[in-house]
Amino acid sequence: MSNIIEIKNLHFSYPAEEGSEPAEVLKGIDLTVKEGEFMAILGHNGSGKSTLAKHINGILVPTSGTVTVDGINTADEDKIFDLRRRAGMVFQNPDNQIVSSIVEEDVAFALENLGVPYEEMRRRVDEALKDVNMYDYRLHSPSQLSGGQKQRVAIAGIIAMKPKCIILDEPTAMLDPQGRREVMSVIKRMNREYGITIVLITHYMDEAAQCGRVVVMDKGRVILDDTPRAVFSQVEQVKKIGLDVPQVTELAYELKKAGYDISDDIITEEECINAIKKLFS
Amino acid sequence: MLRDITIGQYFPGNSLIHRLDPRFKIVITFIYIMMLFTGDHIVCLSVGAVFTAAAIILSQIPFKMFVKSVKPLMPFLILTAALNLLFISSGDVYFHWKFIKITSEGINVSVFMLIRITLLIMGSSLLTYTTSPITLTDAIERLLSPLKKLKVPVHELAMMMSIALRFIPTLIEETEKIMAAQKARGAEIDSGSFMTRAKNMVAILVPLFISAFRRADELATAMECRCYRGGEGRTRLRQLCSAPRDYAALAVTILFYGGAAALGIVLK
């Protein structure tokens, strides 16, 4: 499979404020994402993960180095709308990304901007709303919806553009557990059924554990990049940069430290249950 | 408390008035206002009143809502009537005390203005009662679109208007949260003298403003991510199409206007 996102030696600093040196946020990032991949980016506040995300659809452009998405250099201003159509972005606060006071019109917003003709727009809006299970709410006002429903509307607004890649910047951070589950299941289905590449920025370890690949960032650098199992089995290193591992991984780790014979690459509840059952048998 | 505020209150429904094309409704409202303000004979106003009554009945919205719409403007109405009554000095004098004279002309003019303004408020309420704010904005944008040639930023104004409407519930919710948070910290918002309450409002307005700017910033980024680049080359999900009934309604309005004007001239 071909690479959809190619990031080469990316450095980025925000413009310096008066009387201070520009602080470098991203310090040389090399990363490639294959088409159809489901990747999580982990890192605590200030690790540069949101800044990295904003480079993928050209909201920010590199100070040095290059970012290429589906063959388009993000620094190429002439192709910026083409780029944003292919790489959609969903933000943390659903309230601050919904433009219209009617659900279906908000989903149509991007298509209206792209000048899609009416019949096709109607069809794509309805499809997108059905994809996120919000079709019944198409004439509601966003203020009548729950957080998880609003976030699904925001996702529908992106998938209506038919992007190849969706970047989600902590989409579940403001949601209750029910909303988190709904949003995660929609994201997973988009990846599975339509082969859309997903870059999920999160600080929930259990969400990262559901992805195919986990990238851990710290102080503007990528420090770990592997499968969730391989990343979370390095409990000490993950904890050293101020992150947690999934609860079940931590339990297995503590049991092992206490002298029990248990595997150290457990990331799901089911694996944990089976491993503990084995200890007692 | 704040939830009672409903700017451009809208009553969803499916009456003939609701279904009219919003562009026609705006034009009809304008003709209606002209009808009220150009005729200066009481017959012209009666025609206006009949027209208003017919439209209200067709809209199937309870009449008490229209009474409610006039209520907040009552002080203004009474003041206008009082000023006309006291300071118009032509006509037969009924009562005279120092510089105040109550005359037949004064009574005529004040009653006339009272009816005229009441009808104006009721008629324009009918427009907002039967048209959702977002549709209204949309219709205004389309009606004003010829002004784009004169470099008037019509699309931008309409976009700002619809975003403002979209954020009213969000900001009301936010205000309630901030009020609760400040009350929990001991701020007196519902009690105390007017001055202390005014001072305490600062503790609500400052965080509200900061948060509104942050929201605006995030919304702008989200709009850019969805390829927003102004009104050029945009298509619309909402299609406005005029039906024969819209032309019929317009024709009826013009007939009423013509009739009122003709009566006004004949009876002079």
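Conventions used here
- Residues numbered from 1 in each chain as written.
- Chains lettered and ligands numbered in written order.
- Predicted model: local features only at pLDDT ≥ 70, side-chain atom pairs only at ≥ 80, totals over all residues.
- Heavy atoms only, no water.
- Helix = DSSP H or I, 4+ residues; strand = E, 2+ residues; numbered from the N terminus.
- Buried < 20%, exposed > 50% of the residue type's maximum accessible area, 1.4 Å probe, protein only.
- Contact = heavy atoms within 4.5 Å.
- Core = buried A, V, L, I, M, F, W, Y, C linked by side-chain atoms within 4.5 Å.
- Phe/Tyr/Trp six-rings, centres within 6.5 Å; stacked < 30°, edge-to-face > 60°.
- Lys NZ or Arg CZ within 6 Å of the ring centre and 35° of its normal.

**Description of the side chain of D218 of chain A**
Residues and elements named next belong to chain A. Within the fold, D218 resides in strand β9 (residues 213-218). The exposure class of D218 is buried, given its relative accessible area of 12%. What D218 contacts, discounting residues up to four positions off in sequence, is H44, S47, I223 and I241.

**A few points about the nonpolar core**
All names here are of chain A. Within the largest apolar cluster, 54 residues are counted, with the highest numbers of intra-cluster contacts made by I155, I187 and F232. F232 has contacts with L42, M205, A208, A209, D244, V245, P246, T249 and I267, leaving out every residue within four places of it along the chain. Within the second largest apolar cluster, 32 residues are counted, among which are I29, L52, C165 and I167.

**Section: the packing of aromatic side chains**
Think of a pair of aromatic rings as described by two things: how far the centres are apart, and how the planes are tilted against each other in angle. One pass over the structure, following the stated rule, counts eight aromatic pairs over all chains. Seen from their ring centres, F24 of chain B and Y247 of chain B are 5.0 Å apart, and the 75° between their planes marks the pair as edge-to-face. Residue F24 of chain B is found in helix α2 (residues 22-38), and its partner Y247 of chain B is found in helix α10 (residues 244-266); the two are separated by 223 residues along the sequence. Given a relative accessible area of 12%, F24 of chain B falls into the buried group. What links up through ring pairs into an aromatic cluster is the set F11, F66 and Y129 of chain B. In this arrangement the basic side chain of R180 of chain A is found over the ring face of Y204 of chain A, its NZ or CZ atom lying 3.5 Å from the centre.

Fair warning: the whole summary comes from geometry, so function is off the table for now.
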